[in-house]
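# Residue-level structural notes
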Amino acid sequence: MNKLNILYEDNHIIVVEKPINVLSQSDNTNDLDLLTMVKNYIKEKYNKPGNVYVGLVHRLDRVVGGIMVFAKTSKAASRLSDQIRLNNVNKTYLAIVHGKTKNNNILKDKLLKLSDFNTIVDNKGKDSELSYELIEYLEKDNLSLVKVNLKTGRHHQIRVQFSSRGYPLVGDKRYGKDNINEIGLYAYKLSFIHPTTKEKMEFKLIPKHSLFSKFNLKNIDKN
């Protein structure tokens, strides 16, 4: 079993890093998923008999690593879910894309999720919005590191919105042309209101993956 990287834990919530290529929750592959890993950790740490409650309130794509919060009580799960529905949970990503983007921009589209789990830009889709700023451009590789703030959380949103404008994410086999086993996308910052104490919580984690190592990650929060 993979060792969890736990950023924070109390009686109500637990904040952990999701490794790349690990499912957020189980699917028909029966591969080990993060939700099960968190349940197993709580069960072992507190020596709990029977089923352990852990509430999944948001997800990351399997190929994407980064910060996730889980609820340890149903009340916390309900309150966190309400915050997500009202766009009061701020999720910030680092993305590496092909080409040189604008210094900053707001992307708005209507995104439609298809039955084959692909997402496309389509007038029948749901309103989708993100903003981004360019952190660093590597001319020799023709790659941009951008910081992305999601306003909505649609299926494959970041990947589709950048790809549809000619800036596919590095390593994105679905919406790009790369054939490497790692994607240039990482959920590096998460902020929300604690469901019980009402305190503002903010967590940051700099990715250690090889794709990001060529960039100067010290500049991420300069602006």
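Residues numbered from 1 in each chain as written. Predicted model: local features only at pLDDT ≥ 70, side-chain atom pairs only at ≥ 80, totals over all residues. Heavy atoms only, no water.

### Regarding the pattern of salt bridges
Per the counting criterion, the structure on display carries 11 salt bridges. R85 is paired through a salt bridge with D82; the nearest N and O atoms lie 3.2 Å apart. Within this pair, R85 and its partner D82 are both found in helix 2 (residues 74–85), separated by three residues, close to a single helical turn. Among the residues examined, D82 registers a relative accessible area of 33% and is labelled partly exposed. (Salt bridge = Lys/Arg side-chain N within 4 Å of Asp/Glu carboxyl O. Helix = DSSP H or I, 4+ residues; strand = E, 2+ residues; numbered from the N terminus. Buried < 20%, exposed > 50% of the residue type's maximum accessible area, 1.4 Å probe, protein only.)

### Re the confidence of the model for the chain
Confidence in the prediction of the chain, expressed as mean pLDDT, is 93, and 98% of residues score 70 or more. By mean pLDDT, the top-scoring element of the chain is strand 2 (residues 13–18) (98), and the lowest-scoring one is helix 1 (residues 34–45) (95). (pLDDT = per-residue confidence, 0-100.)

### Focus: the side chain of K91
Tracing the backbone shows K91 in strand 5 (residues 90–98). Residue contacts for K91: discarding those within four places in its chain leaves H58, V148, N149, L150, K189 and L190. (Contact = heavy atoms within 4.5 Å.)

### A word on the nonpolar core
Among the nonpolar cores identified, the biggest contains 32 residues, and L34, V38, F70, V148, I158 and F162 are the most heavily contacted of them. Elements with a minimum of two residues in this core: strand 2, helix 1, strand 4 (65–71), strand 5, strand 8 (126–138), strand 9 (143–150), helix 3 (157–163) and strand 10 (185–193). Broken down by element, this core gets its largest block of residues, six residues, from helix 1. Sequence-distant contacts of L34, that is, excluding residues within four places in its chain, are made with L4, V16, E17, K18, P19, V22, L23, S24, M68 and F70. V15, V57, L145 and F215 belong to the second-largest nonpolar core, a separate cluster that totals 29 residues. (Core = buried A, V, L, I, M, F, W, Y, C linked by side-chain atoms within 4.5 Å.)

### As for the layout of surface pockets
Taken as a whole, the largest pocket holds about 1,500 Å³ of empty space. If you trace the largest pocket, you find 50 residues lining it, with R59, L60, D61, H155 and H156 closest to the centre. Going through the elements one at a time, helix 2, strand 5, strand 6 (104–113), strand 9 and helix 3 are the ones with two or more residues in the lining of the largest pocket. Residue composition of the lining of the largest pocket, by class: 17 nonpolar, 17 polar and 16 charged. (1 Å grid on protein atoms, 1.4 Å probe; cavity = no way out; pocket = protein on both sides within 12 Å on 5 of 7 lines; lining within 4 Å. Points joined across faces, edges and corners; volume = space filled by probe spheres on them. Nonpolar A, V, L, I, M, F, W, Y, C, P; charged D, E, K, R; others polar.)

### Description of unusual backbone geometry
For residues besides glycine, phi is generally negative; the peptide bonds are generally trans as well. In this structure, N21 is a non-glycine residue whose phi angle is positive, near 65°. In this structure, N21 sits in the loop between strand 2 and helix 1. Phi at N87 is positive, roughly 60°, even though this residue is not glycine. Inspection of the secondary structure assignment puts N87 in the loop between helix 2 and strand 5.

### Some remarks on empty space enclosed by the protein
For the coordinates displayed, the defined rule picks out one cavity of 30 Å³ or more. Taken as a whole, the largest cavity encloses approximately 40 Å³ of empty space. Lining the largest cavity, in full, are H58, L60, I67, K91, Y93, A187, K189 and L190. For the lining of the largest cavity, the secondary-structure elements that each account for two or more residues are strand 5 and strand 10. With three residues, strand 10 is the single largest residue contributor to the lining of the largest cavity.

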